[in-house]
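This is what each chain is made of:
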Number of protein chains: 2
Amino acid sequence: MKNKLYFHTTLNQKTTEAYASIQKERETVGYYDLPEQDINPILEYCKQIPAQIESIAVIGIGGSSLGAKAVYEFLKPVKNLQRKLYFFESTDPINIQNLLSKIDVTKTHFLVISKSGTTVETFAIYKYILSKQSDYSYYTFITDPNSALEKYAKELKANVLHLPQNVGGRFSVLSTVGLVPLALCGIDIKALLLGAHHVKQSFFEQGELQDILLKKALFYSQNHAQYPINCLFAYSESLKYFCEWYVQLWGESLGKKQIHSAFHVGLTPIGLIGPKDQHSFLQLIMEGTRDKSVTFIQIEDFENDVQIPDTSLPHLEALDALNSLPFSRLINMQCNSVIEALRDEEDIPLDSILLPKIDAENIGGLIFYYELLTSLVGELIDVNTYDQPGVEAAKIILKKKLSI
Amino acid sequence: MKNKLYFHTTLNQKTTEAYASIQKERETVGYYDLPEQDINPILEYCKQIPAQIESIAVIGIGGSSLGAKAVYEFLKPVKNLQRKLYFFESTDPINIQNLLSKIDVTKTHFLVISKSGTTVETFAIYKYILSKQSDYSYYTFITDPNSALEKYAKELKANVLHLPQNVGGRFSVLSTVGLVPLALCGIDIKALLLGAHHVKQSFFEQGELQDILLKKALFYSQNHAQYPINCLFAYSESLKYFCEWYVQLWGESLGKKQIHSAFHVGLTPIGLIGPKDQHSFLQLIMEGTRDKSVTFIQIEDFENDVQIPDTSLPHLEALDALNSLPFSRLINMQCNSVIEALRDEEDIPLDSILLPKIDAENIGGLIFYYELLTSLVGELIDVNTYDQPGVEAAKIILKKKLSI
């Protein structure tokens, strides 16, 4: 992964302190250790799932689904995966029926994922699916130790897997929560973790990413009042769900009251896909209020490339310049053109990330890169990166309505 | 459609003037007339497409694809549509091949849509698809009269349809651009336009929506510095692509330099889907910086509903309260709980839109509602709602790189 910053900032005492805090945090926050975990128990578990199972369905929402979806959707178009992966993550009745019509419940293994073990959406959907497939051997439950869900699963003698300690939902993709569904589809989770490990190493062992991540975090935090919106503009359709994962990670981690004040702070994440969103959101970035930073993501080598044919169309000869160009070159030229145009404006903070190719190692690295960046920015803007007290109020109101 | 505002504002001289400007604009801006257009030519054209054509593929980007996609994806899960609709809207080589693998080019009719007739992405993709299907009878071209694309199509004696005059790309979904692909899939375009017509009538003939749209536009424009971000939070998975259409409409129309100043202004659109994004973005709205307004969209009657079974799970008896509840009630209770929780904060501007059901008439109305709102806000924040000068710079740089 290469990351080039087009803005300037100088590391200072604040970044030194933030780095020290992150170092200290490693003792208590669980996600930092995930890249080096022993994956053998997961691989062993996967062997138990019979070969005739064609699909895996995650019943889970938010942190229980977004990470696996990001990785799966990134790799699916280029890898010959063993099984299909579906996500039941909405209480929309049309959506539930639509998804169910796509799978054969006798050839699907369901992963019921709920950290707390009491997520309303997850259990509403689970109860419905249970009415279609009542054999518990078709289910695995992933939850925190001693949750009500674990007790339930144990009573049924069903499969239960645990989340590691102190890993929050939105930081859990590299734990059982993400690794189990991905491994069951045949995704190389060892490579996924290796990619994360390399990024971690670079950050904690004074590699190139230490300087870059600190500078980026410092810039975002110092300028969060002027540039409160952070766009991720990815030039690959395969990164669409990575953007959704990023939106949760960034928004839910960084939008809250400060620890040492009563101020509401927050950085607003926006996911964009190029070149499509050049025809949508770009105008706003280019000419709208100067409240946005933009990070571009490009794929260096699409591998499975195709070329624009050498065809001349009468009256459209101007477009002959496209002939024989590989699409991968075109899409990257488009991205570079947008970067140049925005740089010319001089007041839009930009950086660009180049992923060598579409594989598990690269997406693992990108995930860890964003987790580290989130932790750093959270530290610098003085919030608790790992809680989400703001979602409780609506849950309490709902439970009251439901008389739970 | 019902729309309830949870914030207060009083109409004033500015709104009277803005309304007068919109009235005047109807003489020159084309989209206002679309609901009452004669659709017989489109229906006649559709009859020419042979019955053995199973799929329709739009080759187009931005305004040429987002509108039809929004309507199609809204209706697809509940209607038994005649044909499938695909969108080639990216130069990502993986995406192009992936889409091509899903269709049979001998049973697909391609709609090449480019208003200007020279969109780089569209022609790159068209050339590639032409190498897979070289029979021009499989193509229809939709473009402005006298564009290079029209000349090309005429030379081939291929089908050409025109965009109506003075209709910009992002306001074109109710013109040939959206109606042709939708009608070819068997979507009731008459009902779609009728829904738009009712909203238009309500706005221009002093119906309920006139007051509401003026108040909403006034509030957004008066407070655009304090609340520069406008979230659309839709409690229906089927509205996912409507949100993408909204993002283009809002962002590209309202993000630009003011007409009577050199200031950059703009309102940033964000599309959210509930309840999923309660587990993602809600924390940021609830506890983050107070820079967002939120509009909720709910479906009153999902029609094709299902019920949570009456099952009690040991250790999870607290969730028995969900039993026998229709999912449609649950999802709407979730939405109402979030609205209540946000109202309790007292400083987040909210409103909610209730769509009676999922059909063409309702989505047509919602589209026109947002088009009118965009025009009003554009007028009030002093921008040219209908141009997009900011996207030109990157295009020029790309053309230079390509030596076009």
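Rules used in this analysis
- Residues numbered from 1 in each chain as written.
- Chains lettered and ligands numbered in written order.
- Predicted model: local features only at pLDDT ≥ 70, side-chain atom pairs only at ≥ 80, totals over all residues.
- Heavy atoms only, no water.
- Pairing = 2+ DSSP bridges.
- Helix = DSSP H or I, 4+ residues; strand = E, 2+ residues; numbered from the N terminus.
- Axes fitted to C-alpha atoms, helices over the stretch in contact; angles between N-to-C directions.
- Contact = heavy atoms within 4.5 Å.
- Domains from an automatic or database assignment.
- Salt bridge = Lys/Arg side-chain N within 4 Å of Asp/Glu carboxyl O.
- Parallel < 35°, antiparallel > 145°, perpendicular 65-115°, else oblique.
- Left-handed = near helix turned anticlockwise from the far one by under 90°.
- Nonpolar A, V, L, I, M, F, W, Y, C, P; charged D, E, K, R; others polar.
- Polar contact = N/O pair within 3.5 Å; in protein donor to acceptor, adjacent residues only side chain to side chain.
- Expected span 1.5 Å × (residues − 1).
- Core = buried A, V, L, I, M, F, W, Y, C linked by side-chain atoms within 4.5 Å.
- Buried < 20%, exposed > 50% of the residue type's maximum accessible area, 1.4 Å probe, protein only.

A. A look at the sheet that holds strand β4 (residues 108-113) of chain A. All names here are of chain A. If you walk across this open sheet you meet the five strands as β3-β2-β4-β5-β6, and the pairing is parallel. The two strands at the open ends of the sheet, each matched to only one other strand, are β3 (84-88) and β6 (159-162). The sheet shows a mean angle of 20° between the axes of neighbouring strands, taken without regard to direction. Lying on the sheet, helix α6 (residues 148-156) is in contact with β4, β5 (139-143) and β6; it crosses β5 at an angle near 150°.

B. Local environment of the domain arrangement of chain A. All names here are of chain A. Partitioning chain A into structural domains gives domain 1 (2-25 + 191-389) and domain 2 (30-187). Just the C-alpha atoms count here: the centres of domain 1 and domain 2 sit 28 Å apart. At the junction of the two partners, domain 1 supplies 36 residues and domain 2 supplies 27 residues. When the shortest N-O distance is used, the salt bridge between Glu-252 and Arg-170 registers 3.1 Å.

C. Up close: the packing of helix α14 (residues 392-402) of chain A against helix α12 (residues 327-345) of chain B. Where α14(A) contacts α12(B), the two axes come as close as 8 Å, and the packing angle between them is 130°. When the axes of α14(A) and α12(B) are compared, the pair comes out oblique. The handedness of the crossing between α14(A) and α12(B) is right-handed. Counting all contacts with α14(A), which are made through A:Ala393, A:Ala394, A:Ile397, A:Leu398, A:Lys401 and A:Leu402, the residues of α12(B) involved are B:Leu330, B:Met333, B:Gln334, B:Asn336, B:Ser337, B:Val338, B:Glu340, B:Ala341 and B:Asp344. Its residues assigned to classes, the contact of α14(A) with α12(B) comprises nine nonpolar, three polar and three charged.

D. How the structure looks around the side chain of A:Lys69. Relative to the helices and strands, A:Lys69 is located in helix α3 (residues 66-75). Here A:Lys69 is in contact with A:Phe87, A:Glu89, A:Tyr241 and B:Lys276, once residues within four sequence places are set aside.

E. How the structure looks around the interface of chain A and chain B. The interface is formed by 116 residues belonging to chain A together with 116 residues belonging to chain B. Summed over the shared surface of chain A and chain B, the result is eight salt bridges. A:Lys401 is the partner of B:Glu340 in a salt bridge, and the nearest nitrogen-oxygen pair spans 2.5 Å. Counting every contact that joins chain A to chain B gives 40 residue pairs in polar contact (both at pLDDT 80 or more). Looking at the side of chain A that touches chain B element by element, the count peaks at twelve residues for helix α12 (residues 327-345) of chain A. Its residues assigned to classes, the side of chain A that touches chain B shows 56 nonpolar, 37 polar and 23 charged.

F. Broad picture of helix α1 (residues 13-25) of chain A. All names here are of chain A. Taking 1.5 Å of rise per residue, the 13 residues of α1 would be expected to cover 18 Å, and the 18 Å separating its terminal C-alpha atoms lies within 8% of that figure. Tucked into the core, α1 has its buried residues touching α8 (189-204), α9 (208-222) and α13 (360-380). The N-terminus of α1 is capped by Asn-12, whose side-chain oxygen sits 2.9 Å from the backbone nitrogen of Lys-14.

G. Fine view of the nonpolar core. Ranked by internal contacts, the top residues of the largest apolar core, which has 311 residues, are A:Phe88, A:Tyr126, A:Phe242, A:Tyr370, B:Phe88, B:Phe242 and B:Tyr370. In terms of residue count, α13(A) provides more of this core than any other element does, twelve residues in total. With sequence-adjacent residues up to four places away left out, B:Tyr370 is seen in contact with B:Lys216, B:Leu232, B:Phe242, B:Trp245, B:Tyr246, B:Leu249, B:Thr295 and B:Ile353.

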